[in-house]
Amino acid sequence: GIDIPTCRNIVLFRPVGSMVEFKQIIGRGTRLATEHDKLSFEIIDYVGATALFADPAFDGIAEAISIEELSTSRAPDEPDGGVDPTSGAGEGVNADALLLVRDPRKLYVDDSDALIAGEALYVADPASGRLRIASYREYSAAQVRELYPRPEDLRSAWRTQHGRDEIVAALADRGVEVGDLATRTGAVDADPFDLLVHIAWNLPMITRRERASRLSTEDRAFLDGFRPEAREVLDALLDKYAQFGISQLDDLASLEVPPLNIFGTPVEIARRFGGVDGLRLTVEAIASRLYAA
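Residues numbered from 1 in each chain as written. Predicted model: local features only at pLDDT ≥ 70, side-chain atom pairs only at ≥ 80, totals over all residues. Heavy atoms only, no water.

**Quick look at the overall build of the protein**
When you go through the protein residue by residue, the secondary structure sums to 12 helices and 6 strands. Buried positions account for 38% of the 293 residues belonging to the protein. A total accessible area of about 16,100 Å² is found for the protein, and carbon and sulfur atoms account for 52% of it. (Helix = DSSP H or I, 4+ residues; strand = E, 2+ residues; numbered from the N terminus. Buried < 20%, exposed > 50% of the residue type's maximum accessible area, 1.4 Å probe, protein only. Areas by Shrake-Rupley, 256 points an atom, 1.4 Å probe, with all protein chains shown as cover.)

Written out as structure tokens, the structure is:
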């Protein structure tokens, strides 16, 4: 019997077997409140209950209405995701609001196989407070710009390992996983920095291989200043960066695995740079120079 005319969202968390109950639930959102600019409402359905709209007995044949399925089932260890970045954003649940996953993942729900048919990311509109659907890419770009208003600000922070860790953690707190963003945008060969400035400010995006090659060309004098036995280690580190990313420079455990371990133990490699501190400072300088431009 509740009557809240300003109710803008009806959320369905459990199946509804009774048409009468379904009408009563939906009816809670149909009250108009023109003085509060409430002229419509949204239904967020996690269980497929809105299929009842398709019943002709529900006030006749439905007109000008679309029902989209949103599946939220996932395996216990499966991280929650956003939406496919190739899909557009809409202001409500409409034909453009079904955001498809490019490569549907196989999930296991109650010992049965399941596939994600679609995912949606709901965000609160800061002006109205209403929920709206946004693409994962659109949402991620907005979070980057909110944290760092200019690309120069992001670049300055990204040039140190501490800064990179802070950026990744800050975005994760806002629901943006940098690795997941790279997968969803098909930019797995790009450096995370290039991906972020591309989606946030539409700047050109290059691959890690191109960034490493540019460093080798434009900073040749810097690299040539090292002794040959040190230079070959740096060349191998840059190749590892091009293949696997900046973590290869941030975590010097990479020295213990092929192909870098052919140069000796980490201690032996460090001697080529005058000791552990010399190696660490050199690697930090290489990482900083990678993002100089």
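**Points about the nonpolar core**
Core analysis: the biggest nonpolar cluster contains 50 residues, and Leu154, Ile167, Leu196, Leu237, Leu249 and Leu290 have the highest contact counts within it. It is helix α9 (residues 228-244) that provides the largest number of residues to this core, a total of 8 residues. Those residues in contact with Leu237 that sit more than four places away from it in its chain are Gln248, Leu249, Ser254, Leu255, Leu260 and Val283. If you look at the next biggest cluster of nonpolar residues, it comprises 9 residues, including Cys7, Ile10, Leu12 and Phe22. (Core = buried A, V, L, I, M, F, W, Y, C linked by side-chain atoms within 4.5 Å. Contact = heavy atoms within 4.5 Å.)

**Side note on the pattern of salt bridges**
Counting across every chain of the model gives 14 salt bridges. Note that Asp224 is salt-bridged to Arg231, the shortest N-O span being 2.5 Å. Judged by relative accessible area, which is 45%, Asp224 ranks as partly exposed. Each of the salt bridges in this network shares a partner with another, and the network as a whole consists of Asp224, Arg231 and Asp235. (Salt bridge = Lys/Arg side-chain N within 4 Å of Asp/Glu carboxyl O.)

**A look at helix α7 (residues 208-218)**
All buried positions along α7 are accounted for by Arg208, Arg211, Ala212 and Leu215. Buried residues in α7, looked at end-on, bunch into an arc of 100°, giving them a common side. Opposite the packed face of α7, turned more than 90 degrees from it, sit the exposed residues Thr217 and Glu218. Buried residues along α7 sit in contact with α6 (192-201), α8 (220-224), α9 and α12 (276-290). (Arc of directions from axis to C-beta.)

**Concerning the confidence of the model for the protein**
In the predicted model, the protein carries a mean pLDDT of 82, and 78% of its residues have values of at least 70. Counting interchain partners and residues more than four positions distant, the pLDDT-below-50 stretch residues 64-104 has 86 contacts. (pLDDT = per-residue confidence, 0-100.)

**Points about the pairing of strand β1 (residues 9-12)**
On β1, burial follows the alternation: Ile10 and Leu12 on one face are buried, whereas Asn9 and Val11 on the facing-out side are not. With 4 bridges joining them, β1 and strand β2 (residues 42-45) adopt parallel strand pairing. Within the sheet, the bridge partner assigned to Leu12 lies in β2 and is Asp45. (Pairing = 2+ DSSP bridges.)

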